[in-house]
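# Coordinate analysis (summary)
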Amino acid sequence: MTIQVSPSPVPNSNAVSLTSTLLNKDSYLTGLLDEVTTPQAADYFQEIRQGAANWVRHSSIPTTREEEWRFTDLSALRQVQFHAETQLQSVDISALTLPEAVNSRLVFVNGVYAPDLSAVADLPSGVVVGNLAGFSQSQQEVVKQFLAQAEGSQEVFTALNTAGISDSAVVWVAQNVIVETPIHLLFVAVVGEQATISQPRCLVMAETGGSVTVVEDFINHRGAEGAEGVYLTNAVTEVWLGENAQVSHTRIEREGAEAFHVGKTAVTQAR
């Protein structure tokens, strides 16, 4: 979304001021946007990110005066300055894995993919599980047809997630393939000295007749030690189902007591 200003031979300070206000409707939200949209090299995410960022600049943090948010007071969120964490931190996930998915998991730490902690060795033919940034160009082109295309993409937190997207967990099940083993998507928040924001992204696609179970798991790594910490998880999951496909989706939220968690799931399904 863009604002069109009619050209004028004489600079119009009122028009410039109005345009600036409309483009940055909520200074707090703009601050979050600046944190998650660090300069990135031109890639196929660029157009998607820019469109979402433009929408965020026309939006504001929801309040209880809005129908969908009338039971969710986000005023405490505005009291915290969040910072994006881009460095992969070392964590021990031995107590966090699921026994039934020991060889079928993707792990992200503070939103950053952790290949050494992930395991996708025992999946059947016709199933692709991985992080999008590690896919081949041809695979990325296929995924691009679905990424950020689900209904509700202009909701403020969804757009914020898309504006900062650089990677995504992807589960892709080919036609008529039945996946017996659950896929565990583990998102670990490591509490630091400053409040952080991470934006996990998931794309699940089951083609015609395909079937899969996906478990999204969000956890505070230091919660068991009593160190909670303040952080924000802004997660978006898009699920696409072909005709007669089946996806069993579970979200486990084990964040810290002081954490903010916004979770969006958008499902698009055929017959």
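Preceding block: the structure.
Overview of the structure. (Residues numbered from 1 in each chain as written. Predicted model: local features only at pLDDT ≥ 70, side-chain atom pairs only at ≥ 80, totals over all residues. Heavy atoms only, no water.)

## Quick word on the packing of helix H2 (residues 27-36) against helix H3 (residues 46-57)
For the record, the criterion: Interaxial angles span 0 to 180 degrees and are taken between N-to-C directions of axes, which are lines fitted to C-alpha atoms, for helices over the stretch in contact. Counting from the N terminus, the helices are the DSSP runs of H or I reaching at least four residues and the strands are the DSSP runs of E reaching at least two. Orientation labels follow simple angle bins: below 35 degrees gives roughly parallel, above 145 gives roughly antiparallel, 65 to 115 gives roughly perpendicular, and whatever is left gives oblique. Note on convention: near helix rotated counterclockwise from far helix by under a right angle means a left-handed crossing. Clockwise means right-handed. Whether two residues touch is decided by their heavy atoms; if any such pair falls within 4.5 Å, the residues are in contact.
Between H2 and H3, the least distance of the axes is 9 Å, while the angle of their chain directions is 160 degrees. Between H2 and H3, the interaxial angle falls into the category roughly antiparallel. Every pair of crossing elements has a handedness; the one defined by H2 and H3 is left-handed. Along its contact with H2, which presents Leu29, Thr30, Leu33 and Asp34, the element H3 presents Ala53, Val56 and Arg57.

## Concerning the packing of H3 against helix H5 (residues 156-163)
Rules: Asp, Glu, Lys and Arg are counted as charged, while Ala, Val, Leu, Ile, Met, Phe, Trp, Tyr, Cys and Pro are counted as nonpolar; the rest, among them Gly, fall into the polar class.
Remark: H3 packs on H5, axes separated minimally by 7 Å, with the N-to-C direction vectors making an angle of 140 degrees. Between H3 and H5, the angle is such that the two are oblique. Every pair of crossing elements has a handedness; the one defined by H3 and H5 is left-handed. Packed against H3, whose contacting residues are Ile48, Arg49, Ala52, Ala53, Trp55 and Val56, the element H5 presents Val156, Ala159, Leu160, Thr162 and Ala163 at the interface. A breakdown of the residues in the contact of H3 with H5 according to their chemical character gives nine nonpolar, one polar and one charged.

## With respect to the packing of aromatic side chains
The description of an aromatic ring pair uses the distance of the two centres, along with the angle that the planes make with each other. For clarity, the cut-off: Stacked, tilted and edge-to-face pairs are distinguished by plane angle, under 30 degrees for stacked and over 60 for edge-to-face with tilted covering the rest, among Phe, Tyr and Trp rings (Trp via its six-membered ring) whose centres lie within 6.5 Å. Each residue is placed in one exposure class: buried if its accessible area under a 1.4 Å probe, protein chains only, is under 20% of its type's maximum, exposed if it is over 50%, and partly exposed if it falls in between.
Per the counting criterion, the structure on display carries seven aromatic pairs. Ring geometry for Trp69 against Phe157: centres 5.7 Å apart, planes inclined by 45 degrees, an arrangement best described as tilted. Linking Trp69 in the loop between H3 and strand S1 (83-84) with Phe157 in helix H5, this pair joins segments that are 88 residues apart in sequence. Residue classification places Trp69 among the partly exposed positions, given a relative accessible area of 21%.

## Section: the environment of Gln89
Its place among the elements puts Gln89 in the loop between S1 and strand S2 (105-109). The spacing of Gln89 and Ala189 is 100 residues in sequence and 9.9 Å in space, taken between C-alpha atoms. Among all residues touching Gln89, those that are not within four sequence positions of it are Val109, Asn110 and Val190.

## Some points on the environment of Trp55
Following the sequence through the fold, Trp55 ends up in helix H3. Classification of Trp55 by relative accessible area gives partly exposed; the value is 23%. Residues Trp55 and Ala159, spaced 104 residues apart in sequence, show a C-alpha to C-alpha distance of 6.9 Å.

## Quick look at the sheet that holds strand S3 (residues 112-113)
Worth spelling out the cut-off: Any two strands with at least two DSSP-identified bridges between them are counted as paired.
A sheet is described by the order of its strands in space; here five strands give the open sequence S3-S2-S6-S9-S11, paired in mixed fashion. Taken across any chain shown, the strands that pair with only one partner, and hence form the sheet edges, are S3 and strand S11 (246-254). In this structure, S2 lies alongside strand S6 (residues 183-189), joined through five bridges in parallel fashion. Along S6, the bridge assignment pairs Val109 with Val188.

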